[in-house]
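A look at the structure
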Amino acid sequence: MREYPGGRVDLRSDTVTQPTAGMREAMTTAIVGDDVLGDDPTVIQLQDRLADMLGKESGLFVSSGTMCNATAIRAQTEPGDEIITEAHSHIYIYEGGGFAALSGVSVALVEGLNGIMNPEDVRSAIRKGDGSLGHFPNGSMVCVENTANRGGGTCYPLETMDEIARVSTKNNCTSHIDGARIFNASVAMGVEVARIAEHYDSVSICLSKGLGAPVGSVLVGSSQMIERAYRWRKMFGGGMRQSGILAAAGLYALDNNIERLRDDHYRARRLAEAVSEMGYNVDMNQVQTNMVYIGCEKGSAEEMVSKLSDQGVDTLTIDDSSIRAVTHLHITDEDVDRAIEAFAASR
Ligand code: TLP
């Protein structure tokens, strides 16, 4: 399904998806209220629906994945605490240091394998103020990213998810999933999102990645935690009014765009196999969902992106020796063919 203007093949991210005709129709006909006053029925419906799907008590609609993680951290930590997360996680790399600025917490980093943390490494990264003569911060929240973006879009094995949650609880930490792409993990693994999140206190879910909504994320967890997050959302300036118009896009996405993530995964795999056969450096173990990370010679990533761009294929520079291509709602089989040709011509 293409449904976006222009003849380019945009593989920069699954965030580039534009609302399709059906989604726009759902948005225009949405019944809205004032969500700050608590009476937007479409927002309430979306929050309840996702809380239910994830097996949690309550949900909170926020403007972005970044705000979702920020509110989750602020609602579950105190300044001076420490969060534990993977060394290349979105929370650490791509959220502007928001955990430090907005929640006043420090971070303990765990080096994962393809973005996947080992439970024992998580355990040894948890430091406690008590018993340290006041030296250590208080490790109080473990954040797991599933799928792991910089790991290549990898999925956490269920046992690892469960074990990390167990380690967190045993060490008096809350556990959070940055589930920006948790539905990709669910579809790829054939496991319900509720099962993936079963032992976790909170989950942030993005509607504006592979699910194709223009804006929005939902934080789910216990009613008590969501009450605190609700207050912090307001203080962060994230209280929205007639946001039902955006929530309607989210509901449409849940009805129409989950199962089709399988197509994105298939296309990413096809692209990865083709470019790998050409001699590009792709770790096929990492290609589990809708992302392909391609290694290039040190210092040549910008040049590679620009060569592909000259042929109408847009990708993203990750660092000076790697680029990323992401499949999504608007990428067709023909687009993958075009991307493969562009890679062949750019060697
Ligand atoms: N990721 C974006 C960029 O910010 C890197 C992308 O193109 O992949 N968690 C994860 C795991 C994410 O990948 C992202 C976005 C977010 C959170 C933040 O979502 P937004 O962009 O809505 O704040």
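In this report, we go over the structure that sits alongside the text. Residue positions are given per chain, counting from 1 as you read along its sequence in written order. Side-chain atom pairs in this predicted model are given and counted only at pLDDT of 80 or more, local residue features only at pLDDT of at least 70, and totals for whole chains, interfaces and linings cover all residues. Excluding hydrogens and water, the side-chain values take into account all heavy atoms of the structure.

**Describing the pattern of salt bridges**
Side chains that differ in charge, positive against negative, can pair when their charged atoms come close. In what follows, salt bridge is the name for a side-chain nitrogen of Lys or Arg lying within 4 Å of a carboxyl oxygen of Asp or Glu. Applying the stated criterion across every chain, the model contains 18 salt bridges. With its nearest N and O atoms 3.2 Å apart, the salt bridge here joins Arg-241 to Asp-34. On the criterion of sequence distance, the pair formed by Arg-241 in the loop between α10 (223-235) and α11 (244-256) and Asp-34 in the loop between α1 (21-28) and α2 (41-54) is long-range, its members being 207 residues apart. The class for Asp-34 is buried, based on a relative accessible area of 15%. With a shortest N-O distance of 3.4 Å, Glu-273 and Arg-269 are connected by a salt bridge. Of this pair, Glu-273 and Arg-269 are both found in helix α12 (residues 261-277), four residues apart, which corresponds to roughly one turn of the helix. For Arg-269, a relative accessible area of 32% puts it in the partly exposed group. One network of salt bridges, in which partners are shared, links Asp-162, Arg-195 and Glu-198. Secondary structure elements are defined from DSSP: runs of H or I of at least 4 residues count as helices, runs of E of at least 2 residues count as strands, and each element is numbered from the N terminus. Accessibility here uses a 1.4 Å probe with only protein chains present; expressed as a share of the type maximum, an area under 20% marks a residue as buried, one over 50% as exposed, and anything in between as partly exposed.

**Here's the deal with the packing of aromatic side chains**
The pairing test for Phe, Tyr and Trp rings, Trp by its six-membered ring, is centres within 6.5 Å, and the orientation test on the planes gives stacked under 30 degrees, edge-to-face over 60, and tilted for anything in between. Taken as a whole, this structure holds three aromatic pairs when the rule is applied. Taking 5.9 Å as the distance between ring centres and 35° as the angle between the ring planes, the aromatic pair formed by Trp-232 and Phe-236 counts as tilted. Assessed through its relative accessible area of 22%, Phe-236 is described here as partly exposed. Ring geometry for Tyr-280 against Phe-343: centres 5.4 Å apart, planes inclined by 85°, an arrangement best described as edge-to-face. On the criterion of sequence distance, the pair formed by Tyr-280 in the loop between α12 and β9 (291-295) and Phe-343 in helix α14 (residues 333-345) is long-range, its members being 63 residues apart. This pair shows no difference in class: Tyr-280 is buried, exactly as Phe-343 is.

**So, the environment of Ile-323**
Tracing the chain through its elements places Ile-323 in strand β12 (residues 322-326). Judged by its relative accessible area of 0%, Ile-323 is buried. Expressed as a C-alpha distance, the spacing of Ile-323 and Arg-12, which sit 311 residues apart in the sequence, is 9.2 Å.

**Focus on the state of the cysteines**
Only a pair of cysteine sulfur atoms within 2.5 Å counts as a disulfide in this structure description. Under the defined criterion, the tally for this structure stands at zero disulfides. For Cys-155, which is in no disulfide, the shortest distance to another cysteine sulfur is to Cys-206 and amounts to 16 Å. For Cys-206, which is in no disulfide, the shortest distance to another cysteine sulfur is to Cys-68 and amounts to 6.8 Å. Exposure remark for Cys-206: the relative accessible area of 4% places this residue in the buried category.

**Some remarks on the pairing of strand β11 (residues 316-319)**
Being paired, for any two strands, means DSSP has found at least two bridges between them. Pairing between β11 and β12: three bridges, direction antiparallel. By the bridge assignment, Leu-316 is partnered in β12 with Arg-324. Hairpin remark: β11 followed by β12, antiparallel, with two residues in the connecting loop.

**A look at the nonpolar core**
Throughout, nonpolar core names a set of buried Ala, Val, Leu, Ile, Met, Phe, Trp, Tyr and Cys residues whose side chains join them through atoms within 4.5 Å. Ranked by size, the top nonpolar core spans 52 residues in total, and within it Leu-46, Leu-50, Leu-54, Phe-61, Ile-182, Phe-183 and Leu-207 carry the most contacts. Ranked by the residues each element gives to this core, the list is headed by α11, at six residues. The next biggest cluster of nonpolar side chains, apart from the first, holds 27 residues, and it includes Val-9, Tyr-280, Val-287 and Phe-343.

**Digging into the site of the ligand**
One heavy atom within 4 Å of a molecule or strand makes the whole residue count as near it. Surrounding the ligand, one finds 15 residues, the nearest of these being Ser-13, Thr-66, His-90, Asp-178 and Arg-181. The side chain of Asp-178 places a nitrogen or oxygen atom 2.7 Å from a nitrogen atom of the ligand. Polar contacts, as counted here, are pairs of nitrogen or oxygen atoms within 3.5 Å of one another; within protein the pair requires one atom able to donate a hydrogen and one able to accept it, and residues that are adjacent in sequence qualify only if both atoms are side-chain atoms. Within the contact set of the ligand, an oxygen atom lies 3.0 Å away from a side-chain nitrogen or oxygen of Lys-209. Contact with the protein chains removes 82% of the 510 Å² of surface that the ligand exposes when unbound. No other element matches the three residues that helix α3 (residues 65-76) contributes to the shell around the ligand. Classifying every residue of the shell around the ligand gives two nonpolar, seven polar and six charged. Accessible areas in this description were obtained via Shrake-Rupley with a 1.4 Å probe; residue shielding takes into account the shown protein chains only. Under the grouping applied here, Gly and all other residues not named as nonpolar or charged are polar, the nonpolar ones being Ala, Val, Leu, Ile, Met, Phe, Trp, Tyr, Cys and Pro and the charged ones Asp, Glu, Lys and Arg.

**Digging into the sheet that holds β12**
Taken together, three strands build an open sheet; the order of strands is β9-β12-β11 and the sheet is antiparallel. The open sheet is flanked by β9 and β11, the only strands paired with a single partner. Across the sheet, the mean angle from the axis of one strand to that of its neighbour is 30°, orientation sign disregarded. Contacts are residue-level and defined by heavy atoms, with any inter-residue pair within 4.5 Å sufficient. The angle between two axes is taken between their N-to-C directions and runs from 0 to 180 degrees, where each axis is a line fitted to C-alpha atoms and a helix contributes only its stretch in contact. The sheet contacts of α12 involve β9 and β12, and relative to β9 the element is tilted by about 20°.

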